[in-house]
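# Tertiary structure, described
Okay, here's what each chain looks like letter by letter:
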Amino acid sequence: MSAADTTTLLGRSPTSISSWGQLSALTRRGVLNVIKSGEFIFSVVSPLFLAVCFYLPLHRVMERQGIDYAQFLMPIIVLQSVGFAAGTSAMRASMDLGTGIDQRLRVLPINRAIPTLARMATNVGLLTVSIIFASLICLVIGWRPQGGLWGTISLYALALAIGVIVSLLADGIGMMATSPQATSQLTGLPMIILGMCSTGFSTIERFPEWIRPFVRNQPISQLATAMRSLDEGNASWYTIGPTVWWCLGLLALGSLLLTLGIRKANKATR
Amino acid sequence: MPEAAGLTPDPADTSAFPGDASADGPHSSMNRVARDGDDDLRARGYAPSTTPNLRARRQPSMSPDPVTTTSRGPTHSRRTVPEEARDTSGAHESGGHNGFSGYSSGGQYGSGYDDDQETLRIPITGPAPRRLSGAVAAAPANPARTVHAAATHTPATPARSAIAIEAVNLHKRFKDTLAVDDVTFSVPAGSIVALLGPNGAGKTTTVNMLCTLLKPDGGTALIHGHDVAEEAPAVRRMISLTGQFAALDEGLTGRENLILFGRLLGLRKDEAKSRGADLLEHFGLVEAADKRVREYSGGMRRRIDIACGLVTSPKVVFLDEPTTGLDPRSRQDVWALVEQLKDAGVTTLLTTQYLEEADMLSDNIVVIDRGRVIAEGTSDELKAATGASYCDVTPEHAADLPRLLAILADLLPPGHRQTGLTVVVPAPDGADTLVEVVRRTSESGLRLSDITMRRPSLDEVFLRLTDPDAAGDSDS
């Protein structure tokens, strides 16, 4: 064996390792995966799907009641798209654990928070794409921003914040779940059920009376109400307050799940 | 590279294993003559030209200080190369080897192994772990007890920097399961140690504790002097782990994975790219570089997995069952890599269930069973410790077998079970047993087709060490 063979076998160990470099490398990995797996296509398809399924059959019915349905539907289209994009975070977290790369990362000189932060960063990218496409489709069906500059900025900031919080929650669920398949049910099903039973697609009056308290107060309805008020430029603590509390609650739950998930991942090693 | 220097004539060499000529026991007298001839040449400082690479491989590792044990004089490690592999090494080199491009001699290893092999003797390096050699010389009659002496190990004090891995009384429990009870061993820097044990013995848990993945419930472990529990970040900078299953991003290509790990280990982007390209070439993966890892074969997957751990320069490499599930060629590739790592001065700890792998690759073998170290030493020491030689006696005619068994009955262990035509007679008295067998068969006019002395195979050693009943037998 020649000396050169041994020379190429080992590389150089840098004296210092930049956490930022690690974060950007892992984020790049996440983005590459999102592109390669075609996940970003769902960010385009899901708002389109919602618009076609709800706007086309219902807009005449709603307009007869004096409701501009494109304007009414915009928050839930954005929310569902954002929720869908965030939900894929669960799948990615769970896949990382399943394939053992998480274990490998834990043997590297890397801060424990970095893999999770990188998944978050990847999600922010995916969420941004989702929000852009949802907005474009809403514009096509007739939605127009009416909240002024700050109202619109706040509307998008809230949508993104919700997306990040749901990502965190989904990441925690993904780490706690036993398999990637289980995560899709754990994250997807509540989103669909809550979305349908919300004031996002229809007004509260169209629900049976017995379910109205649930429909009115459940988080998706509250989030849709808050976004609608920002979009219409009539936001107040009355419309925004419940959303703020829901966000804080979900953030706490997400952090708890994430902590438990990391602990579970550590214990899983044999 | 001064090949012959690796085999500097050593007056002690020829006497280190006085019983070898008979104890190694080839199964034909012709083989024995040929091999003894080689030994003779070697003792005089000549290296047969058929095994240059192996001999060269041993040389750089002869640091920092050869061990002297009180029981044997200069300690020797015996390295074995299957004869069939030696004969065909040239063919491997010239053939289209698909494995590591930098290692043309990978084909030197045969996948099979028995005692009918050439033997090399090379001084081993580094401080002596407390292990079998002394006990072996002192009390060969009671091997089962001597091997347990390994558990009383205390941290080595001299030449501490030369110790790469030091595990002392490691203990780990998972709820109701005692995964690791008490594991103690040390590994000199630049050497290869094999953790050998059956499934569930605690090998992977031990590795996971050494790699900072698990915190020990008791005991300590140091990697180049850094405590795995207290100084985990420092330890992580020095190690690389390849687990039983590829731990890569399967959605990314081999190249992308290498760049990813390069960046995670602190290389600049351009540096990570060029390092990735180097490794792809070194590991023979250039053609598959831009394919997703999930499309890789088992062998390629293992190679890219190991390569990802070598983007920088780890001091200690952990390979957890690196050849499990691989085909013979891929297995040879991994073996070749382990030898390359040794050449590069990297300490390697591998876990394995394959005895031949432990025997062939490692400088030292630590046998773990039920969470405890039950034996430690070179394969020769283990063989010597767990039993004397065997005498294989084969009658010329199968019909003579019952008569042969009858005349040798008192030499056979109680409950002897005969399989095949060859009668395996324990030979506690070495060649005297052989003489006795020949005397008895001659007197009764029984013709033999073959009679050979051999040392126990590592399989026999392993089964004996990990099987309490067998250990009990040997005690009695």
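Scope of this entry: the structure provided in the associated data block. (Residues numbered from 1 in each chain as written. Chains lettered and ligands numbered in written order. Predicted model: local features only at pLDDT ≥ 70, side-chain atom pairs only at ≥ 80, totals over all residues. Heavy atoms only, no water.)

On to the overall build of chain A, then. Summing up its helical and strand segments, chain A has eleven helices and zero strands in all. Reading chain A from its N end, one meets helices and strands in the order α-α-α-α-α-α-α-α-α-α-α. (Helix = DSSP H or I, 4+ residues; strand = E, 2+ residues; numbered from the N terminus.)

Once that is clear, we can look at the overall build of chain B. When helices and strands are counted, chain B shows 19 helices and 17 strands. Expressed as a percentage of the 476 residues in chain B, the buried residues total 57%. A sequence separation of at least 24 residues applies to 75% of the contacts in chain B between residues at least 6 apart. Carbon and sulfur atoms make up 52% of the accessible area of chain B, which amounts to about 18,500 Å² in all. (Buried < 20%, exposed > 50% of the residue type's maximum accessible area, 1.4 Å probe, protein only. Contact = heavy atoms within 4.5 Å. Areas by Shrake-Rupley, 256 points an atom, 1.4 Å probe, with all protein chains shown as cover.)

Hydrogen bonding along the main chain pairs the strands of a sheet, whether they run parallel or antiparallel. Residues and elements named next belong to chain B. Taking strand neighbours across the sheet as the criterion, the three strands line up as β16-β15-β17 in an open arrangement whose pairing is antiparallel. Because the sheet does not close on itself, it has two edges, and the strands there are β16 (423–427) and β17 (448–454). Adjacent strand axes in the sheet meet at a mean angle of 20°, parallel and antiparallel pairs treated alike. Of the strands in this sheet, β15 (389–395), β16 and β17 touch helix α17 (residues 431–443), which is tilted by about 165° from β17. (Pairing = 2+ DSSP bridges. Axes fitted to C-alpha atoms, helices over the stretch in contact; angles between N-to-C directions.)

So, about the packing of aromatic side chains. Considering all chains together, one arrives at four aromatic pairs over all chains under this definition. Ring geometry for A:Phe42 against A:Phe84: centres 5.9 Å apart, planes inclined by 50°, an arrangement best described as tilted. In this pair, A:Phe42 sits in helix α3 (residues 39–64) while A:Phe84 sits in helix α4 (residues 69–99), placing the two residues 42 residues apart along the sequence. A residue is classified by how much of its surface remains accessible, and A:Phe42, at 45% relative accessible area, is partly exposed. A ring pair is formed by A:Phe54 and A:Phe201, whose centres lie 3.9 Å apart and whose planes are at 20°; its orientation type is stacked. One end of the pair, A:Phe54, is in helix α3; the other, A:Phe201, is in the loop between α8 (180–196) and α9 (212–217), and 147 residues separate them in sequence. The exposure class assigned to A:Phe54 is buried, which follows from its relative accessible area of 14%. Given a relative accessible area of 4%, A:Phe201 falls into the buried group. Feature note: the residues A:Tyr55, A:Tyr69 and A:Phe72 constitute an aromatic cluster, connected by ring pairs. The ring of B:Phe261 carries A:Arg104 above its face, with NZ or CZ at 5.0 Å from the centroid. (Phe/Tyr/Trp six-rings, centres within 6.5 Å; stacked < 30°, edge-to-face > 60°. Lys NZ or Arg CZ within 6 Å of the ring centre and 35° of its normal.)

Residues and elements named next belong to chain A. Interaxial distance between α4 and helix α6 (residues 113–141) falls to 9 Å at its minimum, and their mutual angle equals 155°. Here α4 is positioned roughly antiparallel relative to α6, judged by the angle of their axes. In the packing of α4 onto α6, the handedness of the crossing is right-handed. Class assignment of the residues belonging to the contact of α4 with α6 gives a composition of 14 nonpolar, six polar and three charged. (Parallel < 35°, antiparallel > 145°, perpendicular 65-115°, else oblique. Left-handed = near helix turned anticlockwise from the far one by under 90°. Nonpolar A, V, L, I, M, F, W, Y, C, P; charged D, E, K, R; others polar.)

Remember, this is a structural readout, not a statement about activity or role.
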